[in-house]
Amino acid sequence: NAGVMQNPRHLVRRRGQEARLRCSPMKGHSHVYWYRQLPEEGLKFMVYLQKENIIDESGMPKERFSAEFPKEGPSILRIQQVVRGDSAAYFCASSLDLGMGRGTEAFFGQGTRLTVV
Amino acid sequence: DAKTTQPTSMDCAEGRAANLPCNHSTISGNEYVYWYRQIHSQGPQYIIHGLKNNETNEMASLIITEDRKSSTLILPHATLRDTAVYYCIVRPSGGSYIPTFGRGTSLIVHP
């Protein structure tokens, strides 16, 4: 998992507050994916971004959730007006390209554990 | 993407080989087989991938059947630290792709 940096590692928010999760991909990687993992459940895809573009957000809840990957800086997953059901581990992954052979694997960060109280 | 089927759980004695099977009977010619694992509370970790030839790296070996309808991930000398959920994923060689994780196999390595 070396290289993909997520922060904070742990985040506690009260209901109604905003949560901002940051992901710095591996150097040279231009594809970023966000996943959510509820306790004792599998990884669920949320959104796939390339620099400055959202490619696929089919797994993202329609309200309160947004993601961006600006030209400069980390990718941000933003959750507005958090509710208890948003408590989960959020993982970010990055990949170099989607072509053949090497460089296509996705590398994951250690995740941000969001707790809504 | 081709659907994969894996056993829900397996166990293995420490020091022995762990052989994790995966069925992907609908795999198409340009789809690779990827393996990841997730150790408890950590982010998923890439292990290995292959197309049709067997592959080996410092972590594991991947054996793909000749018809490519199934594969086996082999951890040659399992350790307690290999206890994790192992995911088999099939993905195309090009174009946009989003790694999608199923339930995986929960491998428990016991002393």
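Below: a short report on this structure. Predicted model, so just to flag it, every value in this text is computed and none were measured. (Residues numbered from 1 in each chain as written. Chains lettered and ligands numbered in written order. Predicted model: local features only at pLDDT ≥ 70, side-chain atom pairs only at ≥ 80, totals over all residues. Heavy atoms only, no water.)

## Some thoughts on the overall build of chain B
A tally of regular secondary structure across chain B gives 0 helices and 9 strands. Order of helices (α) and strands (β) in chain B, N terminus to C terminus: β-β-β-β-β-β-β-β-β. In terms of C-alpha radius of gyration, chain B reaches 13 Å, essentially the compact-globule figure of 13 Å for 111 residues. With the C-alpha coordinates of chain B rotated into their principal frame, the extents come out at 40 × 30 × 25 Å. The long-range share in chain B, meaning contacts at least 24 apart out of those at least 6 apart in sequence, stands at 56%. In the structure as shown, chain B presents an accessible area of about 5500 Å², 50% of it carried by carbon and sulfur atoms. (Helix = DSSP H or I, 4+ residues; strand = E, 2+ residues; numbered from the N terminus. Rg over C-alpha atoms; globule rule 2.2 N^0.38 Å. Contact = heavy atoms within 4.5 Å. Areas by Shrake-Rupley, 256 points an atom, 1.4 Å probe, with all protein chains shown as cover.)

## Overview of the state of the cysteines
Inspection of every chain in the model, using the stated rule, returns 2 disulfides over all chains. Disulfide partner of C23 of chain A: C92 of chain A, at an S-S distance of 1.7 Å. Handedness here is read from the sign of the S-S torsion; for C23 of chain A and C92 of chain A, about -50 degrees, the answer is left-handed. One end of the pair, C23 of chain A, is in strand β3 (residues 19-24); the other, C92 of chain A, is in strand β9 (residues 88-95), and 69 residues separate them in sequence. The buried category is assigned to C92 of chain A, whose relative accessible area is 0%. C22 of chain B shares a disulfide with C88 of chain B; S-S distance 2.1 Å. Of note, the bridge from C22 of chain B to C88 of chain B carries an S-S torsion of about -80 degrees and is left-handed in sense. Residue C22 of chain B is found in strand β2 (residues 18-23), and its partner C88 of chain B is found in strand β8 (residues 84-92); the two are separated by 66 residues along the sequence. Owing to a relative accessible area of 1%, C22 of chain B belongs among the buried residues under this scheme. For C88 of chain B, a relative accessible area of 3% gives the class buried. Of all cysteine sulfurs in the structure, the one in C22 of chain B sits closest to C12 of chain B, which takes part in no disulfide; the separation is 18 Å. On the basis of relative accessible area, C12 of chain B is assigned to the buried category, the value being 7%. (Disulfide = S-S within 2.5 Å. Buried < 20%, exposed > 50% of the residue type's maximum accessible area, 1.4 Å probe, protein only.)

## Points about the sheet that holds strand β8 (residues 75-79) of chain A
All names here are of chain A. Strand order in this open sheet of 4 strands is β1-β3-β8-β7, and the pairing throughout is antiparallel. Taken across any chain shown, the strands that pair with only one partner, and hence form the sheet edges, are β1 (5-7) and β7 (65-68). Across the sheet, the mean angle separating the axes of adjacent strands is 15 degrees when strand polarity is ignored. Sheet analysis places β3 next to β8, joined by 5 bridges and oriented antiparallel. Among the inter-strand pairings, C23 is bridged to a residue of β8, identified as S75. (Pairing = 2+ DSSP bridges. Axes fitted to C-alpha atoms, helices over the stretch in contact; angles between N-to-C directions.)

## Observations concerning the packing of aromatic side chains
Applying the stated criterion to the full structure yields 13 aromatic pairs over all chains. Considering the side-chain rings of F108 of chain A and Y36 of chain B, the 6.2 Å spacing of their centres and the 85 degrees angle between planes classify their relative orientation as edge-to-face. Here Y36 of chain B lies in strand β3 (residues 31-38) and F108 of chain A lies in strand β10 (residues 107-108), a pairing that spans two chains. Using a relative accessible area of 0% as the deciding quantity, one classes F108 of chain A as buried. Y36 of chain B gets classed as buried once you look at its relative accessible area, which sits at 3%. Look at Y36 of chain B and Y46 of chain B: their rings are 5.9 Å apart centre to centre, the planes differ by 75 degrees, and that puts the pair in the edge-to-face class. A residue pair is termed long-range when its members are at least 10 positions apart, and Y36 of chain B in strand β3 and Y46 of chain B in strand β4 (residues 45-50) qualify at 10 residues. As far as the burial class goes, Y36 of chain B and Y46 of chain B line up, both buried. (Phe/Tyr/Trp six-rings, centres within 6.5 Å; stacked < 30°, edge-to-face > 60°.)

## Things to note about the side chain of S75 of chain A
Residue and element names in this part refer to chain A. With respect to the helices, strands and loops of the structure, S75 is situated in strand β8. Residue S75 is classed as buried on the basis of its relative accessible area, which comes to 0%. There is a polar contact of 2.9 Å between the side chain of S75 and the backbone oxygen of E68. (Polar contact = N/O pair within 3.5 Å; in protein donor to acceptor, adjacent residues only side chain to side chain.)

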